[in-house]
Amino acid sequence: MAQDKAVFEKQKQQMATGNGFIAALDQSGGSTPKALKLYGVEEDEYNGEAEMYGEIHKMRTRIITAPDFTNEKVLGAILFERTMRADIEGIPTAQYMWEKRGVVPFLKIDKGLEDKADGVQMMKPMPGLESLLEEAAQTFGIFGTKERSVVHEANEAGIKAIVAQQFEVGRTVLAAGIVPILEPEVDINSPTKAEAEAMLKAEILKQLDTLAEGQDIMIKLTIPTVDGLYDELADHPRVVRVVALSGGYSTDVACEKLAKQPKMIASFSRALAEGLSKKQSDADFVALLGTNIDKIYQASL
């Protein structure tokens, strides 16, 4: 399903103005065993990488095909590269999400984090990024991407470097005709969280002003210590939407904090899947997922 201009504009409108949130279904690499364990799948229940990714795809398929997983509450979903290449009911995952559920597909593109330096963790190099982006847009109809790095402390040099890297990768994504979600996460346990967030916002604003008309991006940020801190980013003409990560907070705490941010919507991963288990009956699974979706939706309004 190659990217279609009319579909792209419709998806962009949904992301900019729709009521709802983005589901993050993009655990990969090192975080996959942990995600499976939370879902009730122990490491001795699969053998090797292929079986592990098979199990996580079954989990994601169960979520995506659930009755409440539609654009009435879920505006978009972030996929891992293997999920993008996999099928649901014989249809490529991204195409299934958009055509059957009305949910806009995003792709996680970062390859993990470098070691900590200057109080931050930069993104590792992404060899072959241009060809991946072309394939994502032209073969799979992916609308946007997501890339994550982490701020651990209020270090000016580190924050400047992390934002510069996010925008540099973002420009590569824009050149491929896709909308990037820049994700410079601030660690929720940082002793200088509020100061780091103030620095981060100032640096993002500087970079936003370097974007040309039509170079529209999204930003994914930790729910700020100071309520409404990121409203100015959300109002910037180059920003489609500002979304929030749950960052290790429980669903209830994340939703409570998000409800105080008038211009942020959720993009939760762990909080979305909280309490879900492979061993649940379909009825119990669907009921609990529906409850989680509704909580996150209400907090995003």
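### Some remarks on the overall build of the chain
Counting secondary structure elements, the chain contains 12 helices and 11 strands. For a compact globule of 301 residues, the expected C-alpha radius of gyration is about 19 Å, and the chain comes in at 18 Å, within 12% of that figure. Each principal axis of the C-alpha atoms in the chain carries an extent, and together these give about 50 × 40 × 35 Å. Looking at the chain residue by residue over its 301 residues, the buried ones come to 56%. By sequence separation, contacts in the chain at least 24 residues apart represent 73% of the contacts at least 6 residues apart.

### What to know about the nonpolar core
The biggest cluster of nonpolar side chains holds 84 residues, and the ones touching the most others in it are F69, L208 and F268. When neighbours within four sequence positions are excluded, L208 is seen to be in contact with F167, I217, I219, L233, H236, R238 and V239. In this structure, M15, W98, F106 and V179 belong to the second largest nonpolar core, which totals 16 residues.

### Observations regarding the side chain of T32
Within the element layout of this structure, T32 appears in helix 2 (residues 31-38). Since its relative accessible area comes to 0%, T32 is described here as buried. Look past the residues within four positions of T32 in its chain and what remains in contact with it is Q27, M52, Y53 and I56.

### A word on the pattern of salt bridges
This model, assessed by the stated rule, comprises 24 salt bridges. As a salt-bridge pair, K160 and E203 come within 3.8 Å of each other at their nearest N and O atoms. With K160 in helix 7 (residues 156-175) and E203 in helix 8 (residues 193-208), this residue pair connects regions lying 43 residues apart in the sequence. D235 is the partner of K263 in a salt bridge, and the nearest nitrogen-oxygen pair spans 2.9 Å. Pair noted here: K263 is in the loop between helix 10 (251-258) and strand 11 (264-268) and D235 is in the loop between helix 9 (231-234) and strand 10 (239-245), with a separation of 28 residues, a long-range link. When salt bridges with common partners are traced through the structure, they connect E81, R85, K111 and E135 into a single cluster.

### Concerning unusual backbone geometry
Backbone geometry at E89 places phi at a positive 50°, although glycine is not the residue there. Following the sequence through the fold, E89 ends up in the loop between strand 3 (87-88) and strand 4 (91-92).

### Things to note about the packing of aromatic side chains
What the rule picks out here adds up to 4 aromatic pairs. Arranged with centres 6.4 Å apart and planes meeting at 75°, the rings of Y39 and F285 form a pair that is edge-to-face. Of this pair, Y39 sits in the loop between helix 2 and helix 3 (48-64) while F285 sits in helix 12 (residues 282-300), placing them 246 residues apart in sequence. A residue is classified by how much of its surface remains accessible, and F285, at 1% relative accessible area, is buried.

### Notes on helix 12
Here helix 12 spans 26 Å end to end across 19 residues, near enough to the 27 Å set by a 1.5 Å rise per residue. If you check which residues of helix 12 are buried, you get F285, L289, G290, N292, I293, I296, Y297, A299 and S300. Buried residues along helix 12 sit in contact with strand 1 (21-25), helix 3, strand 2 (74-79), helix 10, strand 11 and helix 11 (270-273).

### Here's the deal with the packing of helix 7 against helix 8
Direction vectors running N to C along helix 7 and helix 8 enclose 40°, while the axes themselves pass 9 Å from each other. Here helix 7 lies oblique to helix 8, going by the angle between them. Note that helix 7 runs across helix 8; the crossing there is right-handed. Contacts between helix 7 and helix 8 pair E156, I159, K160, V163, A164, F167 and R171 from the former with A196, M199, L200, E203, I204, K206, Q207 and L208 from the latter. When the residues that make up the contact of helix 7 with helix 8 are grouped by side-chain class, the tally is 9 nonpolar, 1 polar and 5 charged.

The rules behind these values
- Residues numbered from 1 in each chain as written.
- Predicted model: local features only at pLDDT ≥ 70, side-chain atom pairs only at ≥ 80, totals over all residues.
- Heavy atoms only, no water.
- Helix = DSSP H or I, 4+ residues; strand = E, 2+ residues; numbered from the N terminus.
- Rg over C-alpha atoms; globule rule 2.2 N^0.38 Å.
- Buried < 20%, exposed > 50% of the residue type's maximum accessible area, 1.4 Å probe, protein only.
- Contact = heavy atoms within 4.5 Å.
- Core = buried A, V, L, I, M, F, W, Y, C linked by side-chain atoms within 4.5 Å.
- Salt bridge = Lys/Arg side-chain N within 4 Å of Asp/Glu carboxyl O.
- Phe/Tyr/Trp six-rings, centres within 6.5 Å; stacked < 30°, edge-to-face > 60°.
- Expected span 1.5 Å × (residues − 1).
- Axes fitted to C-alpha atoms, helices over the stretch in contact; angles between N-to-C directions.
- Parallel < 35°, antiparallel > 145°, perpendicular 65-115°, else oblique.
- Left-handed = near helix turned anticlockwise from the far one by under 90°.
- Nonpolar A, V, L, I, M, F, W, Y, C, P; charged D, E, K, R; others polar.

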